[in-house]
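# Examination of the molecular architecture
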There are 2 protein chains.
Amino acid sequence: MSTIDVSESSKNIGNGRKVPGAPLRPGWKKGVAIMDFILRLGAIAASLGAAASMATSDQTLPFFTQFFQFEASYDSFSTFQFFVIAMAFVGGYLVLSIPFSIVTIIRPHAAGPRLFLIILDTVFLTLSTSSGAAAAAIVYLAHNGNQDSNWLAICNQFGDFCQQISGAVVASLVAVLLLVVLIVMSAVALPHNSYL
Amino acid sequence: MSTIDVSESSKNIGNGRKVPGAPLRPGWKKGVAIMDFILRLGAIAASLGAAASMATSDQTLPFFTQFFQFEASYDSFSTFQFFVIAMAFVGGYLVLSIPFSIVTIIRPHAAGPRLFLIILDTVFLTLSTSSGAAAAAIVYLAHNGNQDSNWLAICNQFGDFCQQISGAVVASLVAVLLLVVLIVMSAVALPHNSYL
């Protein structure tokens, strides 16, 4: 197929079909872009909620012995510190990506913004997955302990703390799920399209 | 732009440029496909190496007390069991994805196989990142312990075991890095292309 430039008004080519002179018909790609926007808002809520929930986790037991004062806080564990920082980064990136998502709604056939979003979404998917999974491993250990290395479960004592960090991990995994859906949707809407 | 079908031999449109009647010129997309194939082989080696290294980690100390026999093995930790299973899955998927990678070399402008690879790569990226990060969190704990929850470092005693599981985690993070590069490359090569 060879292409010949006909007119400015016939740029509305969707899905590989050619409709010279027809009105703009963004089709299903606009729907994907709007869905992308909505899911992105959900991912912002999930990631910032995860960061906030983890960052406010702190519990001090109302008694102490000669050797210990029993206090559990997220900054006792470097994994949880990484979690708070990583999820705050992911939330910040998602807020900054909103304008690009709006651009894909306005120009559903533009490959540029979508490609940009896929690449950065992939990077921040890795960041949020790693922080969520690392925190989940520690939360599991806090709940169950480990016999062989003689690490005792601390959730019997620090029930509220454990509930809060578990909630944060669940929120981060929701953010991961939403990011995977965002990447797949953008990838599906990317091809069949020569207009940047 | 309106398109007019000229001839069968002029399907060789790369990069949005139109060259009617010229010989097939796959261009940079073929290079991306070959690079994809090579990096995929590297990711197979990294993921299967990670699974094998973790699965063979086992150390028994040559002394024991009245209460404990000191043995460390990957199946003491459910996180490491998950790691072995997840990395084996990722390696298996990557082996099965090789034919699709070869298809993208043969037909560099086909969007279908590339899209298929992006979607499944994203899913298995999440799997390998989560298993690698969870194992890394436990490895960190094994090296450094945690004061506040009274979890002692076990790597002083189990040096060989710790080295082997650390190596497995590093290999899994190499696999994660390669998968991110694979997804970004496929996404960049996806648009500007109407041929499935």
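Residues numbered from 1 in each chain as written. Chains lettered and ligands numbered in written order. Predicted model: local features only at pLDDT ≥ 70, side-chain atom pairs only at ≥ 80, totals over all residues. Heavy atoms only, no water.

Under an unreviewed UniProt entry, the name given to chain A is CASP-like protein, and the source organism is Sphenostylis stenocarpa. UniProt's Subunit (unreviewed entry) comment on chain A is quoted here verbatim: "Homodimer and heterodimers." UniProt, in the comment section headed Subcellular location (unreviewed entry), describes chain A in these words: "Cell membrane". (UniProt positions renumbered as here; feature names shortened; annotations may be inferred.)

Here we take up the packing of aromatic side chains. Residue and element names in this part refer to chain A. For the structure on display, the rule yields nine aromatic pairs over all chains. Plain terms: the ring middles of Tyr93 and Phe124 are 4.3 Å apart, the flat faces sit at 0° to each other, and that makes the pair stacked. Here the residue Tyr93 occupies a position in helix H2 (residues 78-106), and Phe124 occupies one in helix H3 (residues 111-144), the gap between them amounting to 31 residues. A relative accessible area of 16% means that Phe124 is categorised as buried. (Phe/Tyr/Trp six-rings, centres within 6.5 Å; stacked < 30°, edge-to-face > 60°. Helix = DSSP H or I, 4+ residues; strand = E, 2+ residues; numbered from the N terminus. Buried < 20%, exposed > 50% of the residue type's maximum accessible area, 1.4 Å probe, protein only.)

By the definition in use, this model includes two cavities of 30 Å³ or more. Surrounding the largest cavity, Asp148(A), Ser149(A), Glu71(B), Ala72(B), Ser76(B), Phe77(B), Ile154(B), Phe158(B) and Phe161(B) form its lining. Counted by class, the lining of the largest cavity contains five nonpolar, two polar and two charged residues. Its volume calculated, the second largest cavity comes out at about 40 Å³. Lining the second largest cavity, in full, are Glu71(A), Ala72(A), Ser76(A), Phe77(A), Ile154(A), Phe158(A), Asp148(B) and Ser149(B). Partitioned by chemical class, the residues of the lining of the second largest cavity number four nonpolar, two polar and two charged. (1 Å grid on protein atoms, 1.4 Å probe; cavity = no way out; pocket = protein on both sides within 12 Å on 5 of 7 lines; lining within 4 Å. Points joined across faces, edges and corners; volume = space filled by probe spheres on them. Nonpolar A, V, L, I, M, F, W, Y, C, P; charged D, E, K, R; others polar.)

Right, let's get into the UniProt feature "transmembrane region" (unreviewed entry) in chain A. Residue and element names in this part refer to chain A. On the UniProt side, "transmembrane region" (unreviewed entry) is annotated at positions that read residues 37-57, 77-103, 115-142 and 168-190 here. For the annotated span residues 77-103, helix accounts for 96% and strand for 0% of the residues, and the straight-line distance between the end C-alpha atoms is 40 Å. Between the end C-alpha atoms of residues 115-142 the distance is 40 Å, and the span holds 100% helix and 0% strand.

Residues and elements named next belong to chain A. Taken as a whole and judged by the stated rule, the model has two disulfides over all chains. Residue Cys155 pairs covalently with Cys162 via a disulfide, S to S 1.8 Å. On the sign convention where negative means left-handed, the S-S torsion of about -85° between Cys155 and Cys162 marks this disulfide as left-handed. Cys155 sits in the buried class, given a relative accessible area of 11%. (Disulfide = S-S within 2.5 Å.)

Mapped onto the fold, Asp36(A) is located in helix H1 (residues 28-55). The contacts of Asp36(A), once residues within four sequence positions are left out, are Ser101(A), Leu117(A), Leu182(A), Met185(A) and Ser186(A). (Contact = heavy atoms within 4.5 Å.)

Residues and elements named next belong to chain A. Note on placement: Arg114 falls in helix H3. Judged by its relative accessible area of 2%, Arg114 is buried. Setting aside residues up to four positions removed in sequence, Arg114 forms contacts with Lys29, Val32, Ala33, Thr104, Pro108, Ser186, Ala189 and Leu190.

Here we take up the confidence of the model for chain A. Residue and element names in this part refer to chain A. In this model, chain A carries a mean pLDDT of 82, and residues with pLDDT of at least 70 account for 80%. Looking at the elements of chain A, mean pLDDT is at its lowest for strand S1 (residues 2-4), recorded as 50, and at its highest for H2, recorded as 94. Within the model, pLDDT remains below 50 along residues 4-24, and this stretch shows 29 contacts once partners closer than five positions in the same chain are excluded. Both scores are given for the predicted complex: the pTM is 0.80, the ipTM 0.78. (pLDDT = per-residue confidence, 0-100.)

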